[in-house]
Protein chains: 2
Amino acid sequence: MDQVLDAIAFDANGLVPAIAQQHDTGEVLMMAWMNRDAVLETLATGHVCYFSRSRNRLWRKGESSGQQQRLVELRLDCDGDTVLLLVDQLGVACHTGRRDCFFRAARDGGLVEIADPLVSQDALYGHVHG
Amino acid sequence: MDQVLDAIAFDANGLVPAIAQQHDTGEVLMMAWMNRDAVLETLATGHVCYFSRSRNRLWRKGESSGQQQRLVELRLDCDGDTVLLLVDQLGVACHTGRRDCFFRAARDGGLVEIADPLVSQDALYGHVHG
């Protein structure tokens, strides 16, 4: 693992942006952040773990919602300052219940929603979004 | 444009991460940063403009290499803190001459290069990488 960790250019806060992409369809699902421990845990367990900046702790994707991401492959970019996670997303990636987070498109000078929720937030989180 | 700009949560440095994805194949090409002016210029011209943190100025993708990105659609994520750019990449996205920047994969505890350059850096930049 050292070769992988050494190649990652974590920022001043010890974080690196991580893009999650559905491995077979190519959908870009979401972007979040990882620290060193999140990378290590993800590679060790095969399930994606991020670092939540708002909660200031490791965030095992799906821990509240059940919508886990199984890691297929972790890739690094040329400068080592971005991670690409090829994953198999269970259910939906977005906390709004949509398959991916990028459901707003700039069209005709405004923003248009181009995807509907597949499940309700109540179904995902009970009544707490955590 | 105001609705789009107002929905973007620029960070403390006035920047937002932007993922470039080839619109038809789904390849994730690269990740870079945009400021407000870069978003405006990209939407106005239909060619992707980033903000270069190292050069501290607008970076019109392809200005040195000719490898431009035509914008197909700009999308925003649920929190407004990441931009997804669907683009048509002319030639290669990576300064190393590879099609995309994510050519290193974590396999068997190490890093493996999974793509070769399609063009030389000399061909892209003359003898200067800028």
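What this report covers is the structure whose coordinates are included nearby. (Residues numbered from 1 in each chain as written. Chains lettered and ligands numbered in written order. Predicted model: local features only at pLDDT ≥ 70, side-chain atom pairs only at ≥ 80, totals over all residues. Heavy atoms only, no water.)

## Some words on the overall build of chain A
Then step 1. Of regular secondary structure, chain A possesses three helices and eight strands.
Then step 2. Reading chain A from its N end, one meets helices and strands in the order α-β-β-α-β-β-β-β-β-β-α.
Then step 3. Relative to the 2.2 N^0.38 estimate, which gives 14 Å for 130 residues, the radius of gyration of chain A is 15 Å and therefore close to what a compact globule would have.
Then step 4. Dimensions of chain A, computed from the C-alpha atoms along their principal axes, are close to 40 × 35 × 30 Å.
Then step 5. The buried share of chain A, reckoned over its 130 residues, is 53%.
Then step 6. Contacts in chain A between residues at least 24 apart in sequence constitute 43% of all its contacts with a sequence separation of at least 6.
Then step 7. Surface accessibility of chain A: about 5,900 Å² in total, with carbon and sulfur atoms responsible for 45%.
Then step 8. Treating the 12 positive side-chain charges of chain A as one cloud and the 18 negative ones as another, the clouds have centres 5 Å apart. (Helix = DSSP H or I, 4+ residues; strand = E, 2+ residues; numbered from the N terminus. Rg over C-alpha atoms; globule rule 2.2 N^0.38 Å. Buried < 20%, exposed > 50% of the residue type's maximum accessible area, 1.4 Å probe, protein only. Contact = heavy atoms within 4.5 Å. Areas by Shrake-Rupley, 256 points an atom, 1.4 Å probe, with all protein chains shown as cover. Lys, Arg positive; Asp, Glu negative; His and termini not counted. Charge placed at Lys NZ, Arg CZ, Asp CG, Glu CD.)

## Let's talk about helix 2 (residues 36-45) of chain A
Residue and element names in this part refer to chain A.
Then step 1. Three or more residues of helix 2 are buried, namely Ala38, Val39 and Thr42. Down the axis of helix 2, the buried side of the element spans an arc of 100°, and every buried residue falls inside it.
Then step 2. On its buried side, helix 2 packs onto helix 1 (2-7), strand 2 (28-34), strand 3 (49-52), strand 4 (57-60) and strand 5 (69-76).
Then step 3. The opening residue of helix 2 is asparagine 35, an N-cap whose side-chain oxygen sits 3.3 Å from the backbone nitrogen of aspartate 37.
Then step 4. A positive phi of about 80° marks glycine 46, the residue just after helix 2. (Arc of directions from axis to C-beta. Polar contact = N/O pair within 3.5 Å; in protein donor to acceptor, adjacent residues only side chain to side chain.)

## Some details on the relation of the copies chain A and chain B
Between the two chain copies there is a screw-like relation: a rotation about an axis and a shift along it.
Then step 1. The transform that puts chain A on chain B rotates by 180° and translates by 0.0 Å along the axis, for an RMSD of 0.0 Å. Within this description, the copies of the chain are treated as partners about a two-fold rotation axis. Taking the C-alpha atom as reference, chain A places glycine 26 of chain A closest to the rotation axis, 2.5 Å from it.
Then step 2. Comparing interface residues between copies, 100% of those in chain A also lie at the interface in chain B; the contact surface is shared. (Least-squares fit on C-alpha atoms with pLDDT ≥ 70 in both.)

## So, the interface of chain A and chain B
Then step 1. Every contact between the two is made by 39 residues of chain A and, on the other side, 39 residues of chain B.
Then step 2. Summed over both sides, the interface between chain A and chain B buries roughly 3,100 Å², with carbon and sulfur atoms accounting for 62% of that surface.
Then step 3. Three residues stand out in chain A for area buried against chain B, namely Cys78, Phe102 and Arg104 of chain A, and they jointly supply 20% of the buried area on that side.
Then step 4. At the junction of chain A with chain B, the criterion picks out four salt bridges.
Then step 5. Between aspartate 81 of chain B and arginine 53 of chain A there is a salt bridge, with its nearest N and O atoms 3.8 Å apart.
Then step 6. Inspection of the chain A/chain B interface yields 14 residue pairs in polar contact (both at pLDDT 80 or more).
Then step 7. Here the residues of the side of chain A that touches chain B are counted per class, giving 22 nonpolar, nine polar and eight charged.
Then step 8. Where strand 5 of chain A meets strand 7 (residues 104-107) of chain B, two bridges bridge the pair, whose relative direction is antiparallel. Across the sheet, arginine 75 of chain A pairs through a bridge with alanine 105 of chain B, a residue of strand 7 of chain B. (Buried area = accessible area lost by both parts, 1.4 Å probe. Salt bridge = Lys/Arg side-chain N within 4 Å of Asp/Glu carboxyl O. Nonpolar A, V, L, I, M, F, W, Y, C, P; charged D, E, K, R; others polar. Pairing = 2+ DSSP bridges.)

## Thoughts on the environment of histidine 47 of chain B
Residue and element names in this part refer to chain B.
Then step 1. With respect to the helices and strands, histidine 47 occurs in the loop between helix 2 (36-45) and strand 3 (49-52).
Then step 2. Sequence separation between histidine 47 and aspartate 88 is 41 residues; the distance between their C-alpha atoms is 9.5 Å.
Then step 3. Ignoring any residue separated from it by four or fewer positions in sequence, one finds histidine 47 in contact with Glu41, Thr42, Gln68, Gln69, Arg70 and Leu71.

## Things to note about the sheet that holds strand 5 (residues 69-76) of chain B
Then step 1. Read from one edge to the other, the open sheet built from six strands follows the order 8(A)-7(A)-5(B)-6(B)-1(B)-2(B), with strand pairing classed as mixed. In this open sheet, the two strands that pair with only one neighbour each are strand 8 (110-113) of chain A together with strand 2 (28-34) of chain B. Pairs of neighbouring strands in the sheet enclose a mean axial angle of 35°, with direction left out of account.
Then step 2. With six bridges joining them, strand 1 (residues 16-22) of chain B and strand 2 of chain B adopt antiparallel strand pairing. (Axes fitted to C-alpha atoms, helices over the stretch in contact; angles between N-to-C directions.)

## Structural notes on the pattern of salt bridges
Then step 1. Within the structure shown, the criterion is met by 18 salt bridges over all chains.
Then step 2. Among the ionic pairs, aspartate 88 of chain A bridges to arginine 70 of chain A, the shortest N-O distance being 3.8 Å. One end of the pair, aspartate 88 of chain A, is in strand 6 (residues 83-89); the other, arginine 70 of chain A, is in strand 5, with 18 residues separating them in the sequence.
Then step 3. Across the pair arginine 107 of chain B and glutamate 73 of chain A runs a salt bridge, and its minimum N-O distance is 2.6 Å. One end of the pair, arginine 107 of chain B, is in strand 7; the other, glutamate 73 of chain A, is in strand 5, on a second chain.
Then step 4. The class of arginine 107 of chain B is partly exposed, set by a relative accessible area of 36%.
Then step 5. The exposure class of glutamate 73 of chain A is buried, given its relative accessible area of 11%.
Then step 6. Connected through salt bridges with shared partners, the residues Arg55, Arg57 and Glu63 of chain A form a single ionic network.

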